[in-house]
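Listed below are the residues making up each chain.
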Amino acid sequence: MSRIAYFGPQGTFTEQAARRLAPGEELIPAETIPAALAAVRSGAADAACVPIENSVEGAVTATLDSLSEAEPLVAVAEALLPVHFSVLTRPGTTEIRTVASHPHALAQVRHWVEANLPGAHPVATSSTAAAAVAVDAGEFDAAVTAPVAVEHYPLEVLATEVADVRDAKTRFLLVRAPGELPAPTGADRTSIVAAATNRTGALAELLTELAVRGINLTKLDARPTRNNFGEYRFFIDFEGHVAEPRIGDVLAALRRRCRNVRFLGSHPRADNGTTEIEPGAANEDFTDAIAWVESVRKGAQA
Ligand SMILES: O=C(O)C(=O)Cc1ccccc1
């Protein structure tokens with residue numbers, strides 16, 4: 001059985017994602033996202049499940065930063081989970097002055113709280129389930145949690161299906177130490193992080209390498225390197241798998257342009273996305289073109 005570290009404690013959205021991505025495996029809660037990833041780097045866990053992006057709030061920056069630092073890790077699978085919240089209180093609570101949760105959850109229920117719990121102060125906790133723990137301990141009055149949290153903590157449900165934005169989703173990754181990659185499926189996603197130098201056109205050059213090969217970008221995030229003000233790392237997701245000639249070709253080009261590029265994985269997409277291939281950008285076009293150059297080098301003109 002594999003040991004899967006996840007961003008806990010018990011009852012987080014990430015635990016639900018870990019159950020989906022690694023059914024039947026041993027799940028080990030970690031206090032923070034960096035701690036879940038550190039467990040893989042140290043060998044204490046075989047893989048980690050962490051949130052990477054939310055359709056309302058955007059990037060989960062703790063995950064981006066931890067993936068770009070320390071020992072490299074690669075994403076081997078992803079899950080897309082619908083996100084709506086329950087609001088939990090201690091039995092007998094009559095007045096709600098504080099509402100605790102993960103910042104991403106608080107941001108997604110702000111209007112609901114203003115309308116239904118006027119005057120209540122939002123308080124950030126490390127995760128949604130950590131908010132439930134704190135409410136149980138009497139630190140805050142209400143917790144905004146995943147629906148499953150009520151099964152783990154002795155709290156009462158004040159409201160369910162709470163969300164300012166309908167159909168919000170969060171994408172989660174299953175991350176391992178570099179090793180065997182998942183096989184290409186035809187609907188895959190590849191992720192990299194590149195520290196572009198601070199000069200005119202540096203990011204445009206990287207994106208142009210993708211564009212000229214007809215490779216569709218699925219996400220772009222920037223995070224400061226924290227070393228020099230104004231220097232950024234760019235997290236770029238695009239369609240395709242490193243095993244494909246066209247993706248191998250673009251990775252080689254990105255590496256030529258930028259020595260500081262880290263491969264963060266190729267894995268099947270969970271969003272039913274299809275890969276549109278532009279004329280001249282199919283894998284066969286790349287292999288045919290290389291074969292043609294070879295024939296030219298050998299003196300033939302095929
Ligand atoms: O705190 C949790 O439950 C998490 O797994 C992170 C999170 C927070 C808010 C929305 C989706 C995931």
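What you are looking at is a predicted structure, and each value in this text was computed from that prediction instead of being measured.

1. Here we look at the site of the ligand
And then number 1: Near the ligand the following residues occur: Phe7, Thr12, Phe13, Thr14, His102, His104, Ala105, Ser127, Thr128 and Thr170.
And then number 2: Contacts to the ligand include Phe13, whose backbone N or O atom sits 2.9 Å from an oxygen atom.
And then number 3: Note that an oxygen atom of the ligand is positioned 2.5 Å from one of the side-chain N or O atoms of Thr14.
And then number 4: In the complex, the protein chains occlude 98% of the 320 Å² of accessible area that the ligand would expose alone.

2. Structural notes on the UniProt feature "site: Essential for prephenate dehydratase activity" (unreviewed entry) in the protein
And then number 1: On the UniProt side, "site: Essential for prephenate dehydratase activity" (unreviewed entry) is annotated at positions that read Thr170 here.
And then number 2: With respect to the secondary-structure elements, Thr170 resides in strand 11 (residues 169–176).
And then number 3: Excluding residues that lie within four positions of it along the chain, Thr170 makes contacts with Pro51, Glu53, Asn54, Ala79, Leu80, Leu81 and Val83.
And then number 4: At 2.8 Å, the side chain of Thr170 forms a polar contact with the side chain of Asn54.

3. Observations regarding the sheet that holds strand 10 (residues 156–162)
And then number 1: If you walk across this open sheet you meet the five strands as 8-7-9-6-10, and the pairing is mixed. Strands with a single pairing partner mark the edges of an open sheet, and in this sheet they are strand 8 (121–124) and strand 10. Neighbour to neighbour, the strand axes of the sheet diverge by 25° on average, direction disregarded.
And then number 2: On the sheet, helix 6 (residues 128–136) packs against strand 6 (85–89), strand 7 (98–101) and strand 9 (142–145) and is oriented at approximately 160° with respect to strand 9.

4. Examining unusual backbone geometry
And then number 1: Looking along the chain, the bond that leaves Gly8 and enters Pro9 is cis, with omega of 5°.
And then number 2: Mapping Pro9 onto the fold places it in the loop between strand 1 (3–7) and helix 1 (13–21).

5. Observations regarding the packing of aromatic side chains
And then number 1: According to the stated counting rule, one finds one aromatic pair in the structure shown.
And then number 2: Judged by centre distance (5.4 Å) and plane angle (85°), the ring pair of Phe13 and Phe85 falls under edge-to-face. Of this pair, Phe13 sits in helix 1 while Phe85 sits in strand 6, and the two are 72 residues apart along the sequence. Like Phe13, the residue Phe85 is buried in the burial classification.

6. Quick notes on empty space enclosed by the protein
And then number 1: A complete count under the given rule lists two cavities of 30 Å³ or more for this structure.
And then number 2: Estimated volume of the largest cavity: approximately 210 Å³.
And then number 3: The wall of the largest cavity is formed by 17 residues, among which Phe13, Pro51, His102, His104 and Thr128 lie closest to the centre.
And then number 4: Within the residue set of the lining of the largest cavity, elements represented by two or more residues are helix 1, strand 3 (47–54), helix 4 (103–108) and strand 11.
And then number 5: Element by element, the count of residues in the lining of the largest cavity is highest for helix 4, at three residues.

About the criteria used
- Residues numbered from 1 in each chain as written.
- Predicted model: local features only at pLDDT ≥ 70, side-chain atom pairs only at ≥ 80, totals over all residues.
- Heavy atoms only, no water.
- Near = heavy atom within 4 Å.
- Polar contact = N/O pair within 3.5 Å; in protein donor to acceptor, adjacent residues only side chain to side chain.
- Areas by Shrake-Rupley, 256 points an atom, 1.4 Å probe, with all protein chains shown as cover.
- UniProt positions renumbered as here; feature names shortened; annotations may be inferred.
- Helix = DSSP H or I, 4+ residues; strand = E, 2+ residues; numbered from the N terminus.
- Contact = heavy atoms within 4.5 Å.
- Pairing = 2+ DSSP bridges.
- Axes fitted to C-alpha atoms, helices over the stretch in contact; angles between N-to-C directions.
- Phe/Tyr/Trp six-rings, centres within 6.5 Å; stacked < 30°, edge-to-face > 60°.
- Buried < 20%, exposed > 50% of the residue type's maximum accessible area, 1.4 Å probe, protein only.
- 1 Å grid on protein atoms, 1.4 Å probe; cavity = no way out; pocket = protein on both sides within 12 Å on 5 of 7 lines; lining within 4 Å.
- Points joined across faces, edges and corners; volume = space filled by probe spheres on them.

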